[in-house]
Amino acid sequence: MNRYRNTPLINALKKYITGQRTIMHMPGHKQGKGFDPDFLSNAVRFDLTELNGLDNFHNPEGAILESMEALRKAYGAEKSYFLVNGSSSGIHAGILACFNRGDKILVNRNCHISVINALILFGVEPVFVMPGYIDEYNLAVPPGIDEWKTALEQNPDAKGALVTTPDYYGICQPLSDLSNFLHEKGKLLLVDEAHGAHFAFSDKLPETALEQGADLCVQSFHKTLPAFTQAAVLHIGSKRIDPGKVSRAVSMITTTSPSYTIMASMDYARDFAVSSGTEVYGQLIDILDDAKKKLSKMQKLRVIPDSIEGLKRDPTRLVIDTSSSDISGYELYDRIFSEYRITAEMCDTCHVVFIHTMADTAGDISKLTHALLETDSSIGKSNSRASFRIPFSTGRYSIPELKYYLASTEEIPLEKAEGFTCADAVTPYPPGIPVLCPGEAITAEHIRYLDKVKKYGADVHGLRKDRNGTGMIRVINTKT
Ligand SMILES: Cc1ncc(COP(=O)(O)O)c(C=O)c1O
């Protein structure tokens, strides 16, 4: 008997999980495969609240404190915190704890939308530092140390920097020189390490942000470790950060009903990674190395190497470049799913990203290798390489005041938006990097770029279709 009557979401989820799939996306537990059977069978019953013996997230003194202490030790931090609303909430808490309204912060422009939201919420002024771009791979790369130095020389009043590393494609910003430089100048280094929670558990993975001198970092456990969606952590890495302020900031941005199931999954993931991470990652990386060797025979598709232009890349993130073939990243993503039932993490105009975690088996990776080799032999070569370099604004930029941001209701067709000030973040998602930020002037180049990625099939957040199918963009109407 069907016990559900009007449950569209449950229906959609049931449909999703019934089909046989090989999962190469987050959350890192891969539909429970990465959990111990005992944890899995109790997970729903762990959904409890602040009862006797279960401690209190907002004033931890018992089991939660002990688990966060084990977390601190595992990462070599000064102090570590659980987060139950993803790295987004840790970015908010970090900025709230370390910066005052009106302070300046250096930020790589290809940051995640949660950074922009925090800046608007807390009235912190960004100085954007522009990423580089490798045309050969159609990938943005982190700004070099000289770009960060110049940004600080031009803005000596900035209180610190927030740096994203690794990015969605696994590309790492080297941090040691940057942290030394910032600390010599009395500035803070905050790191959005959302995609790097696993780095601490194997020497075969790039160094962690804390190992390279970060004062504070956030990591999404759910992205790469066996933990439930929204599980994330914030680490304090140095005495330059006031733990009292961070504790209050984390508490302010967190529900008074934090999920014990999510927290328990972080307890599980940390414990498992500490005890088995080195071995499991060692095996995973060896299997992936072997797969990459086989995939190097592809003629049209190409594996993005584990090191590009001297920058390290997370070897567990397999990224396939389609730009020398006659199919887009969106088409490859669809084909791999429809023909082989493999679901990738994400795609963009010319890449498909697969996330590999401790829950993957050699069989899963061999299936993917086979699927990619077969697909490569059935597609054509492209005559020209399209470029998808994001046309980041370089002009003056001012983060909108919260009241104008919230009050901006005017929507106009994208094609007529040149010269207006953008109200929303306009973000092809994933990877979630805003092409336009609230407060930026919209240029003809932005309009052309957004049209182009939409034609390729991108889902662009911040653009709405009106009844006639015209793409509408929200602009700031400062008169309201
Ligand atoms: C670079 C980066 N930072 C932060 C986040 C936010 O992480 P979460 O989804 O855990 O809030 C993401 C999410 O995709 C991200 O890609």
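Q: Honestly, the overall build of the protein chain in this entry has me stumped. Any pointers?
A: When helices and strands are counted, the protein chain shows 14 helices and 22 strands. The C-alpha atoms of the protein chain give 22 Å as radius of gyration, which agrees with the globular expectation for 480 residues (23 Å, within 12%). Its C-alpha atoms give the protein chain principal-axis dimensions of about 60 × 55 × 55 Å. Considering only contacts within the protein chain whose residues lie at least 6 apart along the sequence, 72% involve residues at least 24 apart. Only carbon and sulfur atoms are counted for the fraction: they give 50% of the accessible area of the protein chain, which is about 21,500 Å². Counting 52 positive and 58 negative side-chain charges, the protein chain places the averaged centre of each group 4 Å from the other.

Q: What's the story with the sheet that holds strand E7 (residues 160-164) in this structure? I'm lost.
A: Each strand in a sheet pairs with its neighbour through backbone hydrogen bonds, running either in the same direction (parallel) or in the opposite one (antiparallel). Across the sheet, which stays open at both edges, the seven strands sit in the order E2-E10-E9-E8-E7-E3-E4 with mixed pairing between neighbours. On the outer flanks of this sheet lie strand E2 (79-83) and strand E4 (125-129), each paired with one strand and no other. Neighbouring strand axes in the sheet, compared pairwise and without regard to direction, differ in orientation by 20° on average. Sheet topology places strand E3 (residues 104-108) next to E4; five bridges connect them, and they run parallel. Considered in E4, the bridge of Val 107 is made with Phe 128. Here helix H9 (residues 243-252) sits on the sheet in contact with E2, strand E9 (216-220) and strand E10 (232-236), set at roughly 5° to E2.

Q: How do you make sense of the side chain of Glu 345 when you look at a structure like this?
A: Note that Glu 345 resides in the loop between strand E15 (342-344) and strand E16 (346-347). In this structure Glu 345 is buried but unpaired, with Arg 317 as the nearest side chain of opposite charge at 6.4 Å.

Q: What should I look at first to understand the site of the ligand in this one?
A: The local shell around the ligand holds 13 residues, among which Ser 88, Asp 192, His 195, Ser 220 and His 222 are the closest. Taking Ser 87, its main chain carries an N or O atom lying 2.8 Å from an oxygen atom of the ligand. Ser 220 places a side-chain nitrogen or oxygen 2.7 Å from an oxygen atom of the ligand. Here the ligand loses 88% of its free accessible area of 390 Å² to cover by the protein chains. Counting residues per element, the ones that place at least two in the shell around the ligand are helix H4 (86-98) and helix H8 (221-224). Here the shell around the ligand gets four residues from one element, more than from any other, and that element is H4.

Q: Teacher, can you tell me more about the sheet that holds strand E22 (residues 471-475) here?
A: One open sheet accounts for three strands, arranged E18-E22-E21; its pairing is antiparallel. What marks the edges here is a single partner per strand, and that holds for strand E18 (410-413) and strand E21 (463-465). Pairwise comparison of adjacent strand axes, ignoring direction, gives a mean angle of 40° for this sheet. Of the pairings in the sheet, the one linking E18 to E22 comprises four bridges and is antiparallel in character. Across the sheet, Glu 411 pairs through a bridge with Arg 474, a residue of E22.

Q: Is there a simple way to explain the side chain of Thr 208 in this structure?
A: As for its position among the elements, Thr 208 is in the loop between strand E8 (188-192) and E9. Judged by its relative accessible area of 4%, Thr 208 falls in the buried class.

Q: Please clarify how the domain arrangement of the protein chain should be interpreted in this entry.
A: A common way to express how large an interface is: the accessible area buried when the components associate. Splitting the protein chain by domain gives domain 1 (17-29 + 277-378), domain 2 (37-270) and domain 3 (402-475). Of note, the centres of domain 2 and domain 3, computed from C-alpha atoms alone, are 28 Å apart. Taken together, the contacts link 12 residues of domain 2 with 14 residues of domain 3. At the boundary of domain 2 with domain 3, total buried surface from both sides reaches about 1,100 Å², with 66% on carbon and sulfur atoms. Counting across the domain 2 and domain 3 interface gives one salt bridge. A salt bridge links Arg 109 to Glu 440; its shortest N-O distance comes to 3.0 Å.

Q: Help me understand the nonpolar core in this model?
A: Grouped burial of nonpolar side chains is what soluble globular proteins tend to show. Counting residues in hydrophobic clusters, the biggest one holds 88 residues, and the most contacted among them are Phe 82, Ile 95, Leu 106, Phe 221, Leu 225, Leu 234 and Val 246. Among the elements that line this core, the one with the most residues is helix H10 (residues 260-295), at 12 residues. Of all hydrophobic cores here, the second largest spans 44 residues; its members include Leu 295, Tyr 340, Phe 388 and Ile 473.

Q: I'm lost on the packing of helix H6 (residues 145-154) against helix H7 (residues 176-184) in this one. Help?
A: When two helices pack together, you describe them by how their axes are tilted relative to each other and by the distance separating the axes. Packing of H6 against H7 leaves a shortest axis separation of 10 Å and a crossing angle of 15°. For the element pair H6 / H7, the angle class is roughly parallel. Seen along the crossing, H6 lies across H7 with a hand that is right-handed. Every residue of H7 that contacts H6 at Ile 145, Trp 148, Lys 149 and Leu 152 is listed here: Asp 177, Leu 178, Phe 181 and Leu 182. Split by residue class, the contact of H6 with H7 holds six nonpolar, no polar and two charged.

What counts, and at which threshold
Residues numbered from 1 in each chain as written. Predicted model: local features only at pLDDT ≥ 70, side-chain atom pairs only at ≥ 80, totals over all residues. Heavy atoms only, no water. Helix = DSSP H or I, 4+ residues; strand = E, 2+ residues; numbered from the N terminus. Rg over C-alpha atoms; globule rule 2.2 N^0.38 Å. Contact = heavy atoms within 4.5 Å. Areas by Shrake-Rupley, 256 points an atom, 1.4 Å probe, with all protein chains shown as cover. Lys, Arg positive; Asp, Glu negative; His and termini not counted. Charge placed at Lys NZ, Arg CZ, Asp CG, Glu CD. Pairing = 2+ DSSP bridges. Axes fitted to C-alpha atoms, helices over the stretch in contact; angles between N-to-C directions. Buried < 20%, exposed > 50% of the residue type's maximum accessible area, 1.4 Å probe, protein only. Salt bridge = Lys/Arg side-chain N within 4 Å of Asp/Glu carboxyl O. Near = heavy atom within 4 Å. Polar contact = N/O pair within 3.5 Å; in protein donor to acceptor, adjacent residues only side chain to side chain. Domains from an automatic or database assignment. Buried area = accessible area lost by both parts, 1.4 Å probe. Core = buried A, V, L, I, M, F, W, Y, C linked by side-chain atoms within 4.5 Å. Parallel < 35°, antiparallel > 145°, perpendicular 65-115°, else oblique. Left-handed = near helix turned anticlockwise from the far one by under 90°. Nonpolar A, V, L, I, M, F, W, Y, C, P; charged D, E, K, R; others polar.

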